[in-house]
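Structure at a glance
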Amino acid sequence: MQTDLMQIFRDACAKKASDLHFLPQDGVCILYYRLDGALKEMERYNLAQYQEILTRIKGMSQLDIGETRLPQDGRIRLAIDSKNVDFRLATLPTIFGEKLTVRIMQPMNSHLSPEQIFTNPEDLANFKKTISHAFGLILFCGKTGSGKTTTAYTAIQELSKGQKLSIHSVEDPVEYTLPTVAQTQIQPKFGLGFPSAIRCVLRHDPDVLFVSEVRDQETMELMLKAVVTGHLVISSLHVSDSISAAQRLLEIGVSPYMAASALSTVVSQVLLRRVCKHCCEEVTLDEATALHFGILEGLKIKEARGCESCNHTGYRGRMAIYEFLHFTKAMKDMIRAQNITGLQDHLVVSGHKSLKDRAREAVVAGHTTIEEMSRLT
Ligand SMILES: [Zn+2]
């Protein structure tokens with residue numbers, strides 16, 4: 001039984017967990033790690049042991065130890081194996097006591113190059129094309145934990161090389177520090193929300209503006225105006241694919257004309273679990289499944305099983321798949337006409353590779369399974 005908090009943190013970092021969940025239940029507290037995107041039970045504590053852990057972590061992160069009825073959040077930085085690791089934590093009152101969730105902000109490798117991220121030459125070429133524009137709007141899309149922030153940071157790092165561009169960011173929160181980028185953390189408490197911060201940044205002669213996430217019309221309108229006045233604006237949207245990104249842009253309420261003029265590229269990504277090479281089995285695809293997923297009937301594909309080396313999950317590690325949508329004049333015309341269905345049809349006939357197409361390629365290549373692919377549909 002591991003109740004030493006530092007030991008738990010060290011173990012979670014070593015196992016590359018992204019989050020820890022301490023879930024109090026009737027008479028017991030279960031500790032889960034999120035590994036490769038899925039929860040895994042690691043430990044069970046009695047409530048007295050959990051209370052000890054909770055009090056200790058609240059003390060370390062300067063939360064109010066006595067407050068148990070209201071949610072709290074905070075962060076701590078700890079040295080784990082001689083590296084500084086940031087932990088973001090949040091408590092939540094539940095019927096069995098306070099739940100504690102800890103997000104581990106693994107330090108981003110500052111030398112992460114596009115070549116390391118995009119192992120597929122087609123993706124790498126598309127990425128280079130994306131960041132080659134002097135102005136325009138680039139959106140990185142994906143769900144929470146899809147890695148879109150890392151990809152966006154890689155784009156900014158790449159643009160900052162050579163230090164010829166003035167790069168500013170407006171973020172909430174600033175997740176990683178980037179050399180030679182002026183990073184601003186918004187502070188709504190003091191009146192510095194996204195819109196006011198962007199207005200200020202635009203007075204600082206930026207070439208590139210990064211806005212960590214857009215949720216409202218005012219912020220998006222300011223970003224579009226910045227593009228129209230000759231800036232490169234990079235941001236991320238919490239949507240699953242590129243068509244949804246175009247749709248969200250229109251739903252936010254900005255002028256379709258402005259959106260169409262500004263849009264340069266939408267990059268969407270999703271993480272798929274890699275099937276465990278030690279225990280996977282080769283199966284022949286039956287007719288119905290083949291038809292449903294658009295794969296050739298009779299093809300041999302991999303199915304997940306489970307063994308010691310994959311914690312009996314059948315999967316080990318994850319791979320990112322990408323969709324790059326570069327907006328052509330024809331596509332911009334469809335955005336201007338708010339014709340999302342037309343855009344969708346246009347992409348199908350023009351041979352555009354959607355996330356589903358990329359997932360299918362990964363199944364056929366034996367990297368992942370139909371089960372993982374079906375999560376996209
Ligand atoms: Zn296995």
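Residues numbered from 1 in each chain as written. Predicted model: local features only at pLDDT ≥ 70, side-chain atom pairs only at ≥ 80, totals over all residues. Heavy atoms only, no water.

1. Regarding the overall build of the protein
Within the protein, the regular secondary structure consists of 14 helices and 15 strands. Relative to the globule expectation of 21 Å for 377 residues, the C-alpha radius of gyration of the protein, 23 Å, shows essentially globular dimensions. Referenced to the eigenvectors of the C-alpha coordinate spread, the extents of the protein come out at roughly 65 × 60 × 40 Å. The buried share of the protein, taken over its 377 residues, is 46%. Of the charged side chains in the protein, 43 are positive and 43 negative, and the gap between their average positions amounts to 3 Å. (Helix = DSSP H or I, 4+ residues; strand = E, 2+ residues; numbered from the N terminus. Rg over C-alpha atoms; globule rule 2.2 N^0.38 Å. Buried < 20%, exposed > 50% of the residue type's maximum accessible area, 1.4 Å probe, protein only. Lys, Arg positive; Asp, Glu negative; His and termini not counted. Charge placed at Lys NZ, Arg CZ, Asp CG, Glu CD.)

2. Details of the coordination of the zinc ion
On the protein side, the zinc ion has C276 (SG), C279 (SG), C307 (SG) and C310 (SG) as donor atoms, found 2.3 Å from it. All donor residues of the zinc ion come from one chain, and their arrangement in sequence is C-x2-C-x27-C-x2-C. Here C279, found in the loop between β12 (263–275) and β13 (281–284), pairs with C307, found in the loop between β14 (300–303) and β15 (315–326); they are 28 residues apart in sequence, far enough to count as distant. (Donors = N, O, S within 2.8 Å, 3.2 Å for Na, K, Ca; no water.)

3. Considering the domain arrangement of the protein
Under the domain assignment used here, the protein contains domain 1 (5–105) and domain 2 (114–376). Put simply, the middle of domain 1 and the middle of domain 2, counted by C-alpha atoms, are 30 Å apart. Across the boundary between the two partners, domain 1 contributes nine residues, which contact nine residues of domain 2. Interface of domain 1 and domain 2: buried area, both sides summed, is about 700 Å²; carbon and sulfur atoms make up 48% of it. Broken down residue by residue, the surface that domain 1 buries against domain 2 is led by D36, K40 and M105, which jointly contribute 58%. Our enumeration of links across domain 1 and domain 2 arrives at zero salt bridges. Taken together, the links from domain 1 to domain 2 amount to one residue pair in polar contact (both at pLDDT 80 or more). Among the elements of the structure, β3 (38–45) and β6 (97–105) are those that each provide at least two residues to the side of domain 1 that touches domain 2. Looking at side-chain class alone, the side of domain 1 that touches domain 2 contains three nonpolar, one polar and five charged residues. (Domains from an automatic or database assignment. Contact = heavy atoms within 4.5 Å. Buried area = accessible area lost by both parts, 1.4 Å probe. Salt bridge = Lys/Arg side-chain N within 4 Å of Asp/Glu carboxyl O. Polar contact = N/O pair within 3.5 Å; in protein donor to acceptor, adjacent residues only side chain to side chain. Nonpolar A, V, L, I, M, F, W, Y, C, P; charged D, E, K, R; others polar.)

4. Details of the sheet that holds strand β8 (residues 167–171)
As summarised here, the arrangement of the seven strands in space is β9-β8-β10-β11-β7-β12-β15, forming an open sheet in which the pairing is mixed. With one partner strand each, in any of the chains shown, β9 (182–185) and β15 form the two edges of the open sheet. For this sheet, the mean inter-axis angle between neighbouring strands, taken without regard to orientation, is 15°. Relative to β15, β12 is paired through ten bridges, and the arrangement is antiparallel. Each residue of the ladder has a partner; that of V266, found in β15, is L325. The strands touched by helix α6 (residues 194–201) within the sheet are β8 and β10 (208–211), with β8 carrying the most contacts at an inclination of about 170°. (Pairing = 2+ DSSP bridges. Axes fitted to C-alpha atoms, helices over the stretch in contact; angles between N-to-C directions.)

5. So, α6
Regarding α6, the residues found buried are F194, P195, A197, I198 and V201. Looking down the long axis of α6, one finds its buried residues gathered within 165° of arc, a one-sided arrangement. In the core, the buried residues of α6 are packed alongside β8, β10 and α7 (217–228). (Arc of directions from axis to C-beta.)

6. Some remarks on helix α4 (residues 121–130)
All of the buried residues in α4 are D123, L124, N126, F127 and T130. Each buried residue of α4 lies within a common arc of 165° when the element is viewed along its axis, so the set occupies one face. As for α4, its buried residues are in contact with α3 (114–117), β7 (136–141), α5 (148–160), β12, β15 and α13 (355–364).

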